[in-house]
Amino acid sequence: MKNKIIFLGLLFSAVFFTACSTTTVENNSTKPNVSFTNTYFKALSLDGKKVEVFDREPHIKFQEDGKVFGNLGCNNFFGSFKKENNNINFEGVASTKMMCPNIKTEDAFSKVLQNTKTYEIKEEYMIFFDENKKEIAKFKAIFF
């Protein structure tokens, strides 16, 4: 009988302390950085202004062979890039010349490509900076 009481006491204590203990689960919401090449980057902001999609979604994509292409919001563009560390330079960028209802987005994107000197990738975002380290464009990786 005495052994039963001791056993029940130990069982009760174990259940009590287990129920009262707290378990913390670490919430690691940090996402890994996306790849620079072969990632579709949707334009979120250009020159400090939120991008509105009218005809087509403005985006940019880099290839491993040094080619860059995308859409300015209506017209497609293509060219090449050179990068070293976080420095980037766009070269020979050209675009189609269709009539577009929203030429402001087209012009802003073209200006960004001319003025970008460095970039940064944080998680699923890519940010372009001008020569003064001012943010001039922000993109988000989109996965299909």
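Structure: see above.
What comes next is a walk through the structure. What you see as residue numbers is a count from 1 along each chain, following the sequence as written. The predicted origin of the model limits local features to residues at a pLDDT of at least 70 and limits the giving and counting of side-chain atom pairs to 80 or more, whereas totals for whole chains, interfaces and linings rest on all residues. The basis for every side-chain value is the complete set of non-hydrogen atoms in the structure, without hydrogens or water.

## Section: the overall build of the chain
1) Next: A count of helices and strands for the chain gives 2 helices and 9 strands.
2) Next: Numbering goes from the N terminus for both helices and strands, where a helix is a DSSP run of H or I of at least four residues and a strand is a run of E of at least two. Element order for the chain, N to C, with α for helix and β for strand: α-β-β-β-β-β-β-α-β-β-β.
3) Next: Within the chain, the fraction of its 144 residues that count as buried is 33%.
4) Next: Put simply, 45% of the contacts in the chain that link residues at least 6 apart link residues at least 24 apart.
5) Next: Here the accessible surface of atoms and residues is derived via Shrake-Rupley with a 1.4 Å probe, and residues count as covered only by protein chains that are part of the display. A total of about 10000 Å² of accessible surface is found on the chain, and carbon and sulfur atoms cover 54% of it. The cut-offs for exposure are 20% and 50% of the maximum accessible area for each residue type, with area from a 1.4 Å probe on protein chains only; residues under the lower value are buried, those over the upper are exposed, and the others partly exposed. By the convention used here, residues are in contact when the closest approach between their heavy atoms is within 4.5 Å.

## Observations concerning the packing of aromatic side chains
1) Next: Note on aromatic pairs: the rings of Phe, Tyr and Trp (six-membered ring only in Trp) are paired at centre separations within 6.5 Å, and the planes decide the class, stacked below 30 degrees, edge-to-face beyond 60, tilted for the rest. Scanning the model with the defined rule gives 10 aromatic pairs in all.
2) Next: Seen in terms of ring centroids, Phe90 and Phe128 are 5.9 Å apart; in terms of plane orientation they differ by 55°. Their pairing is tilted. Here Phe90, found in strand β6 (residues 87-95), pairs with Phe128, found in strand β8 (residues 125-129); they are 38 residues apart in sequence, far enough to count as distant.
3) Next: Every member of this aromatic cluster is reached through a ring pair, and the members are Phe36, Phe62, Phe77, Phe81, Phe90, Phe109, Tyr119, Phe128 and Phe139.
4) Next: Taking NZ or CZ as reference, Lys83 lies 4.8 Å from the ring centre of Phe36, over its face.
5) Next: Here, a charge over a ring means that NZ of Lys or CZ of Arg falls within 6 Å of the ring centre while also lying within 35 degrees of the ring normal. Taking the ring centre of Tyr125 as reference, the NZ or CZ of Lys138 above it sits at 4.8 Å.

## Observations regarding helix α2 (residues 103-115)
Because each turn of an α-helix spans 3.6 residues, side chains separated by three or four positions in sequence point in the same direction.
1) Next: Between its terminal C-alpha atoms α2 stretches 18 Å, which fits the 18 Å expected from 13 residues at 1.5 Å a residue.
2) Next: Among the residues making up α2, those that are buried are Thr105, Glu106, Phe109, Val112 and Leu113. The buried residues of α2 occupy an angular sector of 130° when projected down its axis, which confines them to one face. Looking at α2, the residues exposed on the side facing more than 90 degrees away from the buried face are Lys104 and Gln114. Expected span of a helix: the number of residues minus one, times 1.5 Å. The directions considered for the arc are those from the helix axis to the C-beta atoms.

## Brief notes about the pattern of salt bridges
Two side chains with opposite charge may pair up if their charged atoms get near one another.
1) Next: Salt bridges are counted wherever a side-chain nitrogen of Lys or Arg sits within 4 Å of a carboxyl oxygen of Asp or Glu. Applying the stated criterion to the full structure yields 6 salt bridges.
2) Next: One salt bridge connects Glu57 with Lys42, and the closest N-O pair in it is separated by 3.6 Å. Here the residue Glu57 occupies a position in the loop between β2 (49-50) and β3 (59-62), and Lys42 occupies one in strand β1 (residues 40-46), the gap between them amounting to 15 residues.
3) Next: According to the relative accessible area criterion, Glu57 is partly exposed, its value standing at 25%.
4) Next: We note a salt bridge from Lys122 to Glu120, for which the minimum N-O separation is 3.8 Å.
5) Next: Its relative accessible area of 48% is what places Lys122 among the partly exposed residues.
6) Next: Looking at Glu120, the relative accessible area reads 27%, which means it is partly exposed.
7) Next: A single network of salt bridges, built from pairs that share partners, joins Lys31, Glu124 and Lys140.

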